[in-house]
Amino acid sequence: MAHPLEQLRDDALREIESAGDVQSLEAARVKYLGRSGSVSAWGEQMKTLATEEKPVVGKLLNEVRNAVSAALDLRAQQFRSQKESASLGQIDISLPGTPHEIGALHPLTQMWERSIEIFRRMGFALADGPDIEDEWHCFDALNTPPEHPARTEQDTFYLPDGRLLRTHTSTVQIRTMESTPPPIRVISPGAAYRNEEIDATHAAQFHQIEGLYVDENVSVADLKGALEFFMRELFGAGTEVEFRPHFFPFTEPSLEVYVRSKALKGGEQWIEVAGSGVVHPAVFEQVNKARGDKAYDPEKWSGYAFGLGMDRLAMILFDIPDLRLFAQNDLRFLRQFA
Ligand code: DAH
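Residues numbered from 1 in each chain as written. Predicted model: local features only at pLDDT ≥ 70, side-chain atom pairs only at ≥ 80, totals over all residues. Heavy atoms only, no water.

(A) Local environment of the overall build of the protein. A count of helices and strands for the protein gives twelve helices and nine strands. Taking all contacts inside the protein whose residues are at least 6 apart in sequence as the whole, residues at least 24 apart take part in 68%. When the accessible surface of the protein is split by element, carbon and sulfur atoms take 53% of a total near 18900 Å². Distance between charge centroids for the protein: 7 Å, based on 35 positive and 51 negative side chains. (Helix = DSSP H or I, 4+ residues; strand = E, 2+ residues; numbered from the N terminus. Contact = heavy atoms within 4.5 Å. Areas by Shrake-Rupley, 256 points an atom, 1.4 Å probe, with all protein chains shown as cover. Lys, Arg positive; Asp, Glu negative; His and termini not counted. Charge placed at Lys NZ, Arg CZ, Asp CG, Glu CD.)

And the structure:
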């Protein structure tokens, strides 16, 4: 004859299996395993059993409790997966998915990276300086005193304390020489600002790569060699480079750099891409004054410098007609360079 505990187990298992929802399953759990449930009641009853009966019934009680609790777990799991598949069933797998957009570098950033890579091969290190500058670093130290006409040509945005948004990256020439004795070979990519009437070729914020090389016996020949190499690496072997005499207060002689390449659209035209020249001795003297030494003795050291227009170079390389496109964040434009 089956022990009443076995009968209890069979009843419990049947009831659990036929529980139709979470509520009736919980009711079954309380009924059998709850504090005053029937399985628990058997635990209480153990005390009243004869000593020789205790181990036998105790073992059986354990088995029954384990079986009931396993059956409860199993049924609960079944309810959970039923619920899951019901909600999955509502997903319309014929709908188009949500694609993850893959980002890409902005054309100007791409231009910067290409340019920096070329200069690195020529041994240039990276230098940096602030966008908000004082007048001394932007003008005076670059041999452009207050009454100089170049100062009016480069109108910019002034802060109430007299500082300004730098009109060119040439400020980094000064900052680098202030902190580092010669020889020096640096480039400095960055933004520059001018109070411009904005149109397809003029922006209030634009981008440059400044270059400075100071060593013994640096000449115009070194400058031309470096920039010709750079332009050919960037625009292709057939690129022609022309240097035209110009004026900058901080270089003597000063040269504007033009390129022309059949590989480019409108390839017959000369396009101005940079200002450059041999560092003016007055710039070294200003730096020495600030340093309080003679580290940049113009009798011993000479150098060349250049400022490349990054926006211009990118417009040429990628055939972009309007400078404003760089800042408008229009994905139809940006995707073309992804
Ligand atoms: N700073 C000049 C500008 O923005 C460009 C320039 C000219 C930079 C000659 C130089 C240089 O370093 O030597 O118009």
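(B) View of a nonpolar patch on the surface. Taken together, the side chains of Leu88, Ile91 and Ile93 make up a nonpolar region of the molecular surface, amounting to roughly 370 Å² of accessible area. Turning to its location among the elements, isoleucine 91 is positioned in the loop between α4 (54-88) and α5 (107-121). A residue is classified by how much of its surface remains accessible, and isoleucine 91, at 52% relative accessible area, is exposed. (Patch = residues over 30% accessible without salt bridge, like charges linked within 9 Å, V, L, I, M, F, W, Y side chains within 5 Å. Salt bridge = Lys/Arg side-chain N within 4 Å of Asp/Glu carboxyl O. Buried < 20%, exposed > 50% of the residue type's maximum accessible area, 1.4 Å probe, protein only.)

(C) Broad picture of the site of the ligand. Contacts to the ligand come from 15 residues, most closely from His168, Ser170, Gln173, Gln208 and Glu210. In the environment of the ligand, an oxygen atom lies 3.0 Å from a nitrogen or oxygen atom belonging to the side chain of arginine 194. The backbone of phenylalanine 306 places a nitrogen or oxygen atom 3.2 Å from an oxygen atom of the ligand. For the ligand, whose free accessible area comes to 360 Å², the fraction covered by protein is 92%. Those elements that provide at least two residues to the shell around the ligand are β5 (205-215), β8 (271-279) and β9 (302-309). Its residues assigned to classes, the shell around the ligand shows four nonpolar, nine polar and two charged. (Near = heavy atom within 4 Å. Polar contact = N/O pair within 3.5 Å; in protein donor to acceptor, adjacent residues only side chain to side chain. Nonpolar A, V, L, I, M, F, W, Y, C, P; charged D, E, K, R; others polar.)

(D) Up close: the sheet that holds β8. Here we have seven strands laid out as an open sheet, ordered β1-β4-β5-β9-β8-β7-β6, and mixed in their pairing. Looking at the sheet topology across the chains shown, the edges are occupied by β1 (125-126) and β6 (240-246). Looking at chain direction, β8 and β9 are connected through five bridges and run antiparallel. Looking across to β9, one finds that glycine 275 is bridged to glycine 307. The strands touched by helix α8 (residues 171-179) are β4 (184-193), β5 and β9; relative to β5, the strand with the most contacts, the crossing angle is about 40 degrees. (Pairing = 2+ DSSP bridges. Axes fitted to C-alpha atoms, helices over the stretch in contact; angles between N-to-C directions.)

(E) Examining helix α11 (residues 310-318) more closely. Counting buried residues in α11 gives seven out of nine residues, a clear majority hidden from the surface. Looking at the buried residues of α11, the elements they touch are α5, β5, α9 (220-235), β8 and β9.

(F) A look at unusual backbone geometry. At the junction of proline 182 and proline 183, the peptide bond is cis and its omega measures out at 0 degrees in the coordinates. Cis rather than trans, the peptide bond between glutamate 252 and proline 253 has omega equal to -5 degrees. Relative to the elements of secondary structure, proline 253 occurs in strand β7 (residues 251-260). Residue asparagine 217 is not a glycine yet carries a positive backbone phi of 60 degrees. Tracing the backbone through its elements, the reader meets asparagine 217 in the loop between β5 and α9.

(G) Just the packing of aromatic side chains, in detail. Here the structure, examined in full by the defined rule, presents eleven aromatic pairs. Centre to centre, the rings of phenylalanine 119 and phenylalanine 306 are 5.2 Å apart; their planes meet at 20 degrees, and the pair counts as stacked. Placement of the pair is phenylalanine 119 in helix α5 and phenylalanine 306 in strand β9, with a sequence separation of 187 residues. Taken as a pair, phenylalanine 119 and phenylalanine 306 share a single burial class, namely buried. (Phe/Tyr/Trp six-rings, centres within 6.5 Å; stacked < 30°, edge-to-face > 60°.)

(H) The arrangement of the side chain of glutamate 256 in detail. Inspection of the secondary structure puts glutamate 256 in strand β7. We note that glutamate 256 is buried and unpaired, the nearest opposite charge coming from arginine 244 at a distance of 6.6 Å. Those residues within four positions of glutamate 256 in sequence are excluded, and the remaining contacts are Glu242, Phe243, Arg244, His246, Phe248, Glu272 and Ala274.

(I) How the structure looks around the side chain of serine 302. For serine 302, the location among the structural elements is in strand β9. Its relative accessible area of 19% is what places serine 302 among the buried residues. Of note is the side chain of serine 302, whose polar atom sits 2.8 Å from the backbone nitrogen of valine 218. Residues in contact with serine 302, not counting those within four places in the same chain, are Tyr213, Val214, Asp215, Glu216, Asn217, Val218 and Phe284.

(J) Local environment of the pairing of β8. Counting buried residues along β8, seven of its nine residues qualify, which places the element largely inside the surrounding structure. Pairing of β7 with β8, which is carried by seven bridges, proceeds in the antiparallel orientation. Paired with valine 259 across the strands is isoleucine 271, a residue of β8.

(K) Main features of the nonpolar core. Among the nonpolar cores identified, the biggest contains 42 residues, and Phe119, Phe230, Met231, Phe306, Leu308 and Leu313 are the most heavily contacted of them. Per element, the largest residue contribution to this core is seven residues, and it comes from α9. Ignoring anything within four residues of it in the chain, the contact list for phenylalanine 230 reads Ser115, Ile118, Phe119, Met122, Leu308 and Leu313. (Core = buried A, V, L, I, M, F, W, Y, C linked by side-chain atoms within 4.5 Å.)

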